[in-house]
Amino acid sequence: MNYLSTRGHPDRKRFCEILLEGLAPDGGLYLPEHYPQVDTATLAKWRDLPYAELAFEILSLYIDDIPPADLKAICAKTYTHEVFGSEEIVPLRELEDGVYLEALSNGPTLAFKDMAMQLLGNLFEYELARRGAELNILGATSGDTGSAAEYAMRGKKGVRVFMTSPDGRMSPFQQAQMFSLQDENIHNIAITGVFDDCQDIVKAVSNDLGFKRKYRIGTVNSINWARLLAQVVYYFAGYFQATAGNDKPVSFTVPSGNFGNVCAGHVARMMGLPIHTLVVATNENDVLDEFFRTGIYRVRAAADTHETSSPSMDISKASNFERFVFDLVGRDAAKLRSLFVDELGSQARFDLSGEPAFKQAAERFGFKSSRSTHADRLATIRDTEKRFATLVDPHTADGLKAAREHLTPGVPMVVLETALPIKFAATLVEALGHEPARPARFEGIEALPKRVVKLPADVEAVKAYIAQNCD
Ligand SMILES: *Cc1c(COP(=O)(O)O)cnc(C)c1O
């Protein structure tokens, strides 16, 4: 399998070449040259596989530069009962007639990002050892991504993590999750500033090409193809659990921010998984909902980006959206460039409302969307506790509300549970008046010793810290 850039760069790459990279050299995103097709006989064969073996089958279709036995071992080591809390790894439970929750949040940091990041940690360690190379991952986090990356990379050979976060701005639970890690290769850097300061520092360090090369700086952001690929697997696993051996379609609703999760659903559908509808659920930051309703994609200014109670969906633009639009415009790289480089570059928006391609978003690709507000979130959390004695986190609540707006009779609707309620306890208390239960392994983590350095919002200070800790 070869990979191309959405923006038309002539080079083609193999999986392990793009594994440790971010953007393609022309600023595009990597995609496979084609989507491998899965027929009904293959689906029948895969139906009863344990999750790790299903992951191996799907990954094998996209990765041909790791020997199969090694890839199989990596999958087996990643998707275990011990790490994800159950044999099913992503157990499905029926909430009400035809509406299901697929649990993606029982990994080490209690959010779905573990599903991909845990695999990425093992792939990185494998590939770096093979090359005899090292990588220093530099990131900025306001919560979920940073902790998922740290728990995936802790103790891994050849990898160090330098994770910046705004000092004092994460919840005590999130701080405790990250700062209690005592692993030598994990460095928490609390920046006296806000999240944007952290992001600016990461950008400035990455733009210093001399420093970047010397200290082998890399990232693990959501545009990484391996992360997206890992997420394709749980659409298959959810499909198998929601159906009983027939080839009936299933719909999915996906709480969305950067469009990584739902883009994996799009890939699964393109491979031939019988997905009826893909519902994109957004919060008040409704960049994506606006596009699927109107055909206009409009990047928001910082002042128009809201801090909401489903914070992992607070985005001003959706960094994986370019992948879907590439398919939507018939994989026409020139057209894609005119939209993402010329129009977004000059006007921060593009408009497909008058084009046949926009109609296809729903008709051919199955996309629908909805938007939720803080009040909707609280109402859904309350209603779900009252009627089903189940607690959902604010992101999953956005998903549930959206799902109910797009039900099709006879088609099961699977809502992806993207985090556990304990991660967002303050909003649960606001909705219900009580704290959600805490998994036993997180009892008292706020009292554990913390491993974190505090630095000013200064690029040179962060560079000096990285240099000091790289030998
Ligand atoms: C990251 C995240 C999302 C958004 O996922 P995308 O892949 O960015 O669309 C939704 N919910 C939670 C809890 C998250 O951590």
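The model shown is predicted, which means the values in this text are computed figures rather than measured ones.

Visitor: Explain the domain arrangement of the protein chain to me, using residue names and the numbers behind them.
Guide: We note that the domain assignment places domain 1 (35-85 + 110-224 + 448-468) and domain 2 (92-107 + 229-432) within the protein chain. Placing the centre of domain 1 and that of domain 2 at their C-alpha centroids yields a distance of 23 Å. Buried area between domain 1 and domain 2, both sides added, is near 3300 Å², and the carbon and sulfur share of it is 63%. Its salt-bridge partner being Asp144, residue Lys423 comes within 3.0 Å of it at the nearest N-O pair. There are 14 residue pairs in polar contact (both at pLDDT 80 or more) connecting domain 1 and domain 2. Elements with a contribution of two residues or more to the side of domain 1 that touches domain 2: helix 2 (40-46), helix 3 (51-60), helix 5 (81-84), helix 6 (113-131), helix 7 (144-153) and helix 8 (172-179). For the side of domain 1 that touches domain 2, the element with the highest residue contribution is helix 3, accounting for five residues.

Visitor: Mind laying out the packing of helix 3 against helix 4 (residues 68-78), listing which residues take part and the relevant values?
Guide: Between helix 3 and helix 4, the shortest axis-to-axis distance is 8 Å and the interhelical angle comes to 140 degrees. Here helix 3 is positioned oblique relative to helix 4, judged by the angle of their axes. Where helix 3 crosses over helix 4, the handedness of that crossing is right-handed. Listed contacts from helix 4 to Ala52, Ala55, Phe56, Leu59 and Ser60 of helix 3 are Pro68, Leu71, Lys72, Cys75 and Ala76.

Visitor: Help me get a handle on the site of the ligand, residues and values and all.
Guide: Taken together, 15 residues sit near the ligand, with Lys113, Asp144, Gly257, Asn258 and Asn261 positioned nearest. Within the side chain of Lys113, one N or O atom sits 2.5 Å away from an oxygen atom of the ligand. A distance of 3.0 Å separates an oxygen atom of the ligand from a polar backbone atom of Phe259. For the ligand, the accessible surface in isolation is 380 Å², of which the surrounding protein chains cover 96%. Its residues placed into classes, the shell around the ligand shows five nonpolar, eight polar and two charged. Looking at which domains feed residues into the shell around the ligand, each of domain 1 (35-85 + 110-224 + 448-468) and domain 2 (92-107 + 229-432) supplies at least three.

Visitor: Account for empty space enclosed by the protein, naming residues and giving values.
Guide: Counted under the stated rule, the structure contains one cavity of 30 Å³ or more. Every residue along the wall of the largest cavity is listed here: Tyr3, Ser5, His9, Asp11, Lys13, Ala24, Pro25 and Tyr30. Its residues assigned to classes, the lining of the largest cavity comprises four nonpolar, two polar and two charged.

Visitor: Account for the pattern of salt bridges, with residues named and values stated.
Guide: Taken as a whole and assessed by the stated rule, the structure comprises 30 salt bridges. The partner of Arg377 in a salt bridge is Glu284, with the nearest N and O atoms 2.8 Å apart. Taken as a pair, Arg377 in helix 17 (residues 374-388) and Glu284 in the loop between strand 10 (275-282) and helix 13 (287-294) lie far apart in primary sequence, 93 residues in all. Glu284 matches Arg377 in its accessibility class, with the two residues each being buried. Of the charged contacts, one joins Arg404 and Asp383 as a salt bridge, the two residues approaching to 3.9 Å between their closest N and O atoms. You can see Arg404 sitting in helix 18 (residues 394-404) and its partner Asp383 sitting in helix 17, a full 21 residues away along the chain. Overall, Arg404 belongs to the partly exposed group, its relative accessible area being 27%. Taken together, the salt bridges that share partners define one network made up of Asp286, Glu290, Arg298, Arg300 and Arg371.

Criteria and cut-off values
Residues numbered from 1 in each chain as written. Predicted model: local features only at pLDDT ≥ 70, side-chain atom pairs only at ≥ 80, totals over all residues. Heavy atoms only, no water. Domains from an automatic or database assignment. Buried area = accessible area lost by both parts, 1.4 Å probe. Salt bridge = Lys/Arg side-chain N within 4 Å of Asp/Glu carboxyl O. Polar contact = N/O pair within 3.5 Å; in protein donor to acceptor, adjacent residues only side chain to side chain. Helix = DSSP H or I, 4+ residues; strand = E, 2+ residues; numbered from the N terminus. Axes fitted to C-alpha atoms, helices over the stretch in contact; angles between N-to-C directions. Parallel < 35°, antiparallel > 145°, perpendicular 65-115°, else oblique. Left-handed = near helix turned anticlockwise from the far one by under 90°. Contact = heavy atoms within 4.5 Å. Near = heavy atom within 4 Å. Areas by Shrake-Rupley, 256 points an atom, 1.4 Å probe, with all protein chains shown as cover. Nonpolar A, V, L, I, M, F, W, Y, C, P; charged D, E, K, R; others polar. 1 Å grid on protein atoms, 1.4 Å probe; cavity = no way out; pocket = protein on both sides within 12 Å on 5 of 7 lines; lining within 4 Å. Points joined across faces, edges and corners; volume = space filled by probe spheres on them. Buried < 20%, exposed > 50% of the residue type's maximum accessible area, 1.4 Å probe, protein only.

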